[in-house]
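Listed here are the chains, written in short residue letters.
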Amino acid sequence: MQVKSNAHTHTSLCDGLDTPAAMAQAAYRLGFKSLGFSGHSFCPADGYGMTAERLAQYCREVLALKHEYQGRMAVYLGLELDSMSVMPAAGQFEYLIGSVHNLQTPVGRVYPIDAAPADTAAAIAEFGGVAAYVQAYFAAVDEMLNSRPVDICGHFDLICKYNAGGRFFAEDSPEYKKSAAGVLRRHCRKGAMISPVFEINTGGMCRGYLRRPYPDYWLWEILRDEKAWVMVNSDAHAAADLAFQLAEQRAAAEKFGLKVVTIDEILGY
Ligand SMILES: [Zn+2]
Ligand SMILES: [Zn+2]
């Protein structure tokens, strides 16, 4: 039986469309067993992370929903931590998703990875070419996973968001594959107890940017070889998108031979 669950959920308190209550209600109506909220942490480099005041409201509202749905649907208080944001106090959240959304170029400017193709083009120019840009992205993912206690690695190859059709770089080039595979393999090899769970994120598909989830299918081979755990998440920014491709990608991952878990299993419930 398919366990319905999503652990990557945004709300109107960061860059989502619907309130935490509306997201919880939609998840419950969809028959979810659990729903994990993962609002964006405050990051000076972007404009959508939750300020201290917003964050306090977010915690209050999610904890109230946890109480309200007790016994019917598990609600978890998580956070999507950006690699450039300040670490929250230990124990404040039930789990952390670690994500790289921004990159600093050699001249010190910070560009979002997933805001607009024009930013990608500008960042590539400042890095002096795609090779350095790609390398810097995966180095940032590597550094984040080395230095932060994240439970889930968010959208591992987000750098491909605007790269459909190879618009900016060749994803099948040996250089690209080496950068991506090297970091993924390294963090799978830390041992099941401390390596993060890698999410299979359907957000880029849902919003029409890509026809495959993050990470791309060729990277699934590494996840399988290294016996990593994966979690299928929708990265929903609206109630209507909560369940997008969750069942399909879970079935595909299991058929492929991946170990698929839900947030309930990670948190020990
Ligand atoms: Zn993200
Ligand atoms: Zn997200």
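Cut-offs used in this document
- Residues numbered from 1 in each chain as written.
- Chains lettered and ligands numbered in written order.
- Predicted model: local features only at pLDDT ≥ 70, side-chain atom pairs only at ≥ 80, totals over all residues.
- Heavy atoms only, no water.
- Helix = DSSP H or I, 4+ residues; strand = E, 2+ residues; numbered from the N terminus.
- Buried < 20%, exposed > 50% of the residue type's maximum accessible area, 1.4 Å probe, protein only.
- Contact = heavy atoms within 4.5 Å.
- Donors = N, O, S within 2.8 Å, 3.2 Å for Na, K, Ca; no water.
- Core = buried A, V, L, I, M, F, W, Y, C linked by side-chain atoms within 4.5 Å.
- Axes fitted to C-alpha atoms, helices over the stretch in contact; angles between N-to-C directions.
- Parallel < 35°, antiparallel > 145°, perpendicular 65-115°, else oblique.
- Nonpolar A, V, L, I, M, F, W, Y, C, P; charged D, E, K, R; others polar.
- Salt bridge = Lys/Arg side-chain N within 4 Å of Asp/Glu carboxyl O.

Draft legend 1. The environment of A74, seen in detail. Here A74 is to be found in strand β3 (residues 74-82). Since its relative accessible area comes to 25%, A74 is described here as partly exposed. For the pair A74 and Y269, spaced 195 residues apart in sequence, the C-alpha to C-alpha distance is 9.4 Å. Those residues in contact with A74 that sit more than four places away from it in its chain are K33, S34, L35 and D264.

Draft legend 2. Spatial organisation of the coordination of the zinc ion (ligand 1). With distances of 2.1 to 2.2 Å, the protein atoms coordinating the zinc ion (ligand 1) are E80 (OE), H101 (NE2) and H155 (NE2). Mapping the donors of the zinc ion (ligand 1) onto the primary sequence yields the spacing E-x20-H-x53-H. A separation of 3.2 Å is found between the zinc ion (ligand 1) and the zinc ion (ligand 2), which share E80 as a coordinating residue. Of this pair, E80 sits in strand β3 while H101 is found in the loop between β4 (95-99) and β5 (102-104), placing the two residues 21 residues apart along the sequence. Summarising the burial analysis for this pair, E80 and H101 share the class buried.

Draft legend 3. Region of interest: the environment of E61. Note that E61 resides in helix α2 (residues 52-68). Overall, E61 belongs to the partly exposed group, its relative accessible area being 28%. For E61 and A21, which are 40 residues apart along the polypeptide, the C-alpha to C-alpha distance reads 7.7 Å. In contact with E61, not counting residues within four places along its chain, are L13 and P20.

Draft legend 4. Structural context of the nonpolar core. Ranked by size, the top nonpolar core spans 73 residues in total, and within it Y58 and F156 carry the most contacts. At nine residues, the largest contribution of residues to this core is made by helix α4 (residues 130-147). If you look at the next biggest cluster of nonpolar residues, it comprises nine residues, including Y76, I152, M231 and V261.

Draft legend 5. Expanded view of the packing of α4 against helix α5 (residues 174-188). Close contact between α4 and α5 brings their axes to 9 Å; oriented N to C, the two are set at 5°. Here α5 runs roughly parallel to α4, going by the angle between their axes. Contacts between α4 and α5 pair V134, Q135, F138, V141, D142, L145 and N146 from the former with Y176, S179, A180, V183, R186 and H187 from the latter. Here the residues of the contact of α4 with α5 sort into seven nonpolar, four polar and two charged.

Draft legend 6. Region of interest: helix α7 (residues 217-225). Along α7, the residues that are buried comprise W218, L219, W220, I222 and L223. Taken from the residues just after α7, K227 is the one with a positive phi, measuring 60°.

Draft legend 7. Main features of the pattern of salt bridges. Tallying each qualifying case throughout the model produces 10 salt bridges. Among the ionic pairs, K33 bridges to D264, the shortest N-O distance being 3.9 Å. Taken together, the positions of K33 in the loop between α1 (20-29) and β2 (34-40) and D264 in helix α9 (residues 263-266) put the pair 231 residues apart, joining distant regions of the chain. You can call D264 buried: its relative accessible area is 3%. Notably, a salt bridge pairs D157 with R212, separated by 3.0 Å at the nearest N-O pair. Remark: R212 occurs in the loop between α6 (203-206) and α7 and D157 occurs in the loop between β7 (152-153) and α5; sequence separation between them is 55 residues. Taken individually, D157 and R212 each receive the classification buried, so the pair is uniform in this respect.

Nothing here speaks to function; it is geometry throughout.
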